[in-house]
Number of protein chains: 4
Amino acid sequence: MTPPAWKWFVEYTHPTQAHMHGVESFIYSGKTPYQVVEIIDTQVYGKCLVLDGKIQSAEHDEYIYHETLVQPAMVLHPAPRNILIVGGGEGAMLREVLRHPVVEKVLMVDIDKDVVELCQKYLTSWHQGSFDNPKVKVLYMDARQYLQETDETFDLIFMDLTEPLENGPAYLLFTRQFYRVVADRLSAGGIVALQAGSFNPRLIYCHAAICNTLKTAFPVVRSYAAYIPSYDGSWGFALASKLHDPLRSSGPEIDRRLQERGIDGLRFYDGETHRGIFSLPRDVRQAKRIEQRIIEDDQPLITY
Amino acid sequence: MTPPAWKWFVEYTHPTQAHMHGVESFIYSGKTPYQVVEIIDTQVYGKCLVLDGKIQSAEHDEYIYHETLVQPAMVLHPAPRNILIVGGGEGAMLREVLRHPVVEKVLMVDIDKDVVELCQKYLTSWHQGSFDNPKVKVLYMDARQYLQETDETFDLIFMDLTEPLENGPAYLLFTRQFYRVVADRLSAGGIVALQAGSFNPRLIYCHAAICNTLKTAFPVVRSYAAYIPSYDGSWGFALASKLHDPLRSSGPEIDRRLQERGIDGLRFYDGETHRGIFSLPRDVRQAKRIEQRIIEDDQPLITY
Amino acid sequence: MTPPAWKWFVEYTHPTQAHMHGVESFIYSGKTPYQVVEIIDTQVYGKCLVLDGKIQSAEHDEYIYHETLVQPAMVLHPAPRNILIVGGGEGAMLREVLRHPVVEKVLMVDIDKDVVELCQKYLTSWHQGSFDNPKVKVLYMDARQYLQETDETFDLIFMDLTEPLENGPAYLLFTRQFYRVVADRLSAGGIVALQAGSFNPRLIYCHAAICNTLKTAFPVVRSYAAYIPSYDGSWGFALASKLHDPLRSSGPEIDRRLQERGIDGLRFYDGETHRGIFSLPRDVRQAKRIEQRIIEDDQPLITY
Amino acid sequence: MTPPAWKWFVEYTHPTQAHMHGVESFIYSGKTPYQVVEIIDTQVYGKCLVLDGKIQSAEHDEYIYHETLVQPAMVLHPAPRNILIVGGGEGAMLREVLRHPVVEKVLMVDIDKDVVELCQKYLTSWHQGSFDNPKVKVLYMDARQYLQETDETFDLIFMDLTEPLENGPAYLLFTRQFYRVVADRLSAGGIVALQAGSFNPRLIYCHAAICNTLKTAFPVVRSYAAYIPSYDGSWGFALASKLHDPLRSSGPEIDRRLQERGIDGLRFYDGETHRGIFSLPRDVRQAKRIEQRIIEDDQPLITY
């Protein structure tokens, strides 16, 4: 009998819970000033980007994550011209945004230049050359500082951040104070969309706290979720806006707008998917009602 | 530093993919004539029933699985009086069915008396005494044989089976020939609902083949799915019927019918949940269109 | 392909080092007032007693551990009549001591009555009925208290203790103060033998500290070691005495004494084995020379 | 709480037994025409060379393995001038041989040039520049073919081979037919030393079979073993010769010869170590007596 794989990446989500991924090869391992980076190749999910021990996205299902984070807001906004992406190092956020011909400018602000360069080199199926698109500009700096100092306003702001790990680079980008800054840099019909924590019932309080915090800055805040196989779980997202509400768009309207914009390459998102991902199960709605926490700069949310 | 847990249950879903559950205690381990049984206690998911190395249901989230399997069909049927449950050893299927006062008789047919008795003893929060309900009758025999020999017809048939493992007890309950027998034992407005394989894209062909096979016996076949945390994944279900179609029920209609029947103890299922679980993502719909396989007795489906 | 074992006992020896043992069944799991107890059954090593997450002894190789701990001292002493065993819950220490017809009395003092009773029930191939031998008496109490209060003296004292884990029951039985008490209860030609920590070079400082501490109470202190497969390592022992020195016994002398006493059931120990286990490799001797620590009650040794 | 390591190398020694090594970084991963190669860095054992999923040697304890394989034969031979090393890719065999000024020529024959070059590049603390020593010559070819075709004779032949894995590069270098060839290429007082399988009682039959097979070609065959921490076990070696017998050398004689040759850098081997490693425990001697197998080309030994 052949023994099973001998190289494993083990992603702990709790001291007593973990997922084991057999690894074909460890393509890259290193440390940046901000985080520990691995690029691994797995039989089942293909290449994976791992930051601080957490899978960020996997070759075979990153389309689910990135379409879910980007497309609902893109479609909901009638004319998204000026886009900001916070984080998004893999370049797949760019790829998704650039599907929409109406887009004129995309600014990506990522604190970790090393990670972006590694993704450019190794994760070509993610970015598909998007970094070379003349509409795209990349800044390597702290997004909070950028937003505090700029005069620019954006139609859409996407936040594709790592989880708020202790000493990680992102935990101050999930607070009431930061969302206030974000709201100020959004145009009147602007929308913000972000990854917003696991939908595992054990961790749903994190998602709920993020939504509560968004509500301090935005009149419309909606949760949604998609099952991401390489995360072994259902992952939460939030869409917050000053005006537009995704619950008011029917499936056929979504499909019509995608068609009007000439977008036919999506694998995950469309009108029926939209209806599904914005319909939350009762237990999640209940858990969200119970959690009252608002995240503050001096009491940040930290996940395992 | 305290070391992490030292007792683990590792559920392999592939030679290179596994989930590790730290175990507080192994409450029961044994073999029945049909399968290997463990009842384990975990910090995160509470007690779990494990058959042939696969978690069947977990204390803290079994409500998701069992409500999802039972309630859509129960609600869709205008007057479900006579119910058959195939499998369902934990007794939670009974619990869910018995929420509906309109039910007059529930027959449960499970091949493995030992497992049912272990569940009665150890999994009290699952069955909550349902085995003692005078409407309930339990038969210990092969469900296929039972259905071939009986004259009885049922309004609803639920199939809560283990996955079709090689040499497992259930693999001949997923075939075209068996679904023909099931259809013959359903009343004119009858509905069948079953667990129908993982929604992991890698395994979706199993779910698709089950749906294809159901279509050989039923005019209406619908897929749906729910994220089950203790499975670390989105799990597929199928609803097949001669008449009623869950896609034609709106959320408010679902909520109204639940209210009419006086059911208010559900934690997962309601109208909005219904809309979500029956809205399949585009990639799943696409994968289902591609898979053509129909499962035959002499070419059964076998999963890892 | 059949998946590998799904129940595992993982023994961590370091946050980044562990041994995985596939488990056939978890025979017993529980907590006593002193420690967490598991009795597991493994394919490769048979039944194993696990205390606080550490394998204490395994059915298929406990003979190595127990013969090594008991026989060198038994053989070295010309007339071992009155024996004390501290710990030794499995009863295999008794079995080994009772091989020598010259023995008149064996007192076993173990703090944990529950563990002893579990061993009596489940580990019959270890004790082989030794608890019923009329020469044997068992006391359930703290051995240090017993030795402080008794007037009895012993020819041999064996200490078969768990490792000095934080909050474990044994860490105060490895100190200078305790060894002083032990020395006082030994007869003039008396010998003490004990398990004395891993021989893994990374942990050899523990063994060295135990030996240093013994030297504060005994003129002769000798290290020895045996490879215990179920420990995945070479395990250290120490023999301390007021008079007799195991390095002065040649192999043929050992074999002759065993023969004189009519002992022919040993599987591991004899003259050649004696020569091997008392010959330490150069790196271990060197490491022992460097480590100066003496273990004090108020600065106890604690292992991972 | 910080989660434990997330990258692991798991070395399976049986379907239900494995050792987990947390990995700091995977320095190199690749395939040669002969085997899968990894160079990993671990917190506890430093860098490790892994071939086909088995640790070959580890930075922090390779001195134990290489001194044990090389030094007993080197010291036993009164004038080892012309040396052959079969395998030995890390270069640590060269390092050990070259400690003896009496050596005039060392030929190393390794089939896998890629592995040797990787070791030269990454494992500098192993070879310590030995490849550049003018006494050294390296041939990249099948050692069996080389020995069949050459006229050269050697004073010492070392075989530092991977285990005989199915389809691995070494399994035909453990057979009666090959040992016949080896014996023919040894000078009259020549000695051969080889790694010869695990000393785990479960696997001792492999070691025994290797010894039996050596006895078909050599009058003197001796087993010995050392505990190698990074292997988590006691590892077997064999020394076979036409004349010299290591059991006839006392510890002081060993120490004297080392001193005569001016060798003082050894960390593991000396006279006392010699006595220990050549003293086999009784159970091993017994197991060796029982196993009768002789390994033939057409019935090779294959390990897991």
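Residues numbered from 1 in each chain as written. Chains lettered and ligands numbered in written order. Predicted model: local features only at pLDDT ≥ 70, side-chain atom pairs only at ≥ 80, totals over all residues.

Comments concerning the relation of the copies chain C and chain B
In this arrangement, two copies of a chain are superimposed by a rotation about an axis accompanied by a shift along the axis. You can overlay chain C on chain B at an RMSD of 0.0 Å; the transform is a turn of 180° with a shift of 0.0 Å along its axis. This pairing of chains is accounted for by a two-fold axis. Within chain C, W8 of chain C has its C-alpha nearest the rotation axis, a separation of 2.6 Å. Mapped onto chain B, 100% of the interface residues of chain C are again interface residues, and the two copies thus contact each other with one and the same surface. (Least-squares fit on C-alpha atoms with pLDDT ≥ 70 in both. Contact = placed C-beta atoms within 7 Å.)

Remarks on the environment of H21 of chain C
Positionally, H21 of chain C belongs in strand β2 (residues 17–31). Residue H21 of chain C is classed as buried on the basis of its C-beta count, with 27 C-beta atoms lying within 10 Å. Distance from H21 of chain C to S241 of chain C, taken between C-alpha atoms, is 37 Å for residues 220 residues apart in sequence. Setting aside chain neighbours within four positions, we find H21 of chain C in contact with W8, F9 and T42 of chain C together with T16 and Q17 of chain D. (Helix = DSSP H or I, 4+ residues; strand = E, 2+ residues; numbered from the N terminus. Buried ≥ 20, exposed ≤ 12 C-beta atoms within 10 Å, placed from the backbone.)

Some remarks on the relation of the copies chain B and chain A
In screw terms, the move from chain B to chain A is a rotation of 180° and a rise of 0.0 Å along the axis, fitting with an RMSD of 0.0 Å. When you check the interface residues of chain B against chain A, 100% turn up at the interface there too, and the contact is symmetric in its surfaces.

Regarding the interface of chain C and chain B
Counting residues at the interface gives 15 residues for chain C and 15 residues for chain B. Among the secondary structure elements, those contributing two or more residues to the side of chain C that touches chain B are β1 (7–14) and β2 of chain C. Here the side of chain C that touches chain B takes 6 residues from β1 of chain C, the largest share from any one element. Classifying every residue of the side of chain C that touches chain B gives 10 nonpolar, 3 polar and 2 charged. Bridging between strand β1 (residues 7–14) of chain B and β1 of chain C involves 3 bridges; their strand directions are antiparallel. If you follow K7 of chain B over to β1 of chain C, its bridge partner there is F9 of chain C. (Nonpolar A, V, L, I, M, F, W, Y, C, P; charged D, E, K, R; others polar. Pairing = 2+ DSSP bridges.)

Concerning the domain arrangement of chain A
All names here are of chain A. Split by domain assignment, chain A resolves into domain 1 (8–58) and domain 2 (62–290). Between domain 1 and domain 2, the C-alpha centre-to-centre distance is 22 Å. Each partner contributes residues to the interface: domain 1 has 19 residues there, and domain 2 has 20 residues. For the side of domain 1 that touches domain 2, the secondary structure elements donating two or more residues are β2 (17–31), β3 (36–42), β4 (46–51) and β5 (54–58). No other element matches β5, which puts 5 residues into the side of domain 1 that touches domain 2. (Domains from an automatic or database assignment.)

Looking at helix α7 (residues 204–215) of chain A
Residues and elements named next belong to chain A. Between the first and last C-alpha of α7 there are 17 Å, a value that for 12 residues agrees with the 16 Å anticipated at 1.5 Å per step. Listed as buried for α7 are I204, C206, H207, A208, A209, I210, T213 and L214. Turning to α7, the residues buried within the fold contact α6 (176–184), β10 (186–198), β11 (220–228), β12 (233–241) and α10 (282–290). (Expected span 1.5 Å × (residues − 1).)

Section: the interface of chain B and chain A
If you look at the interface, chain B gives 38 residues, while chain A gives 38 residues. At the level of secondary structure, the elements contributing two or more residues to the side of chain B that touches chain A comprise β2 (17–31), β12 (233–241), α9 (271–277) and α10 (282–290) of chain B. Looking at the side of chain B that touches chain A element by element, the count peaks at 6 residues for β2 of chain B. Residue composition of the side of chain B that touches chain A, by class: 15 nonpolar, 14 polar and 9 charged.

Considering unusual backbone geometry
Residues and elements named next belong to chain B. Notably, D52 is not glycine yet its phi reads approximately 45°, a positive angle. Tracing the backbone shows D52 in the loop between β4 (46–51) and β5 (54–58). Residue D52 is classed as buried on the basis of its C-beta count, with 20 C-beta atoms lying within 10 Å. Not every positive phi belongs to a glycine, and Q128 is a case in point at roughly 50°. Relative to the helices and strands, Q128 is located in the loop between α4 (124–127) and β8 (136–139).

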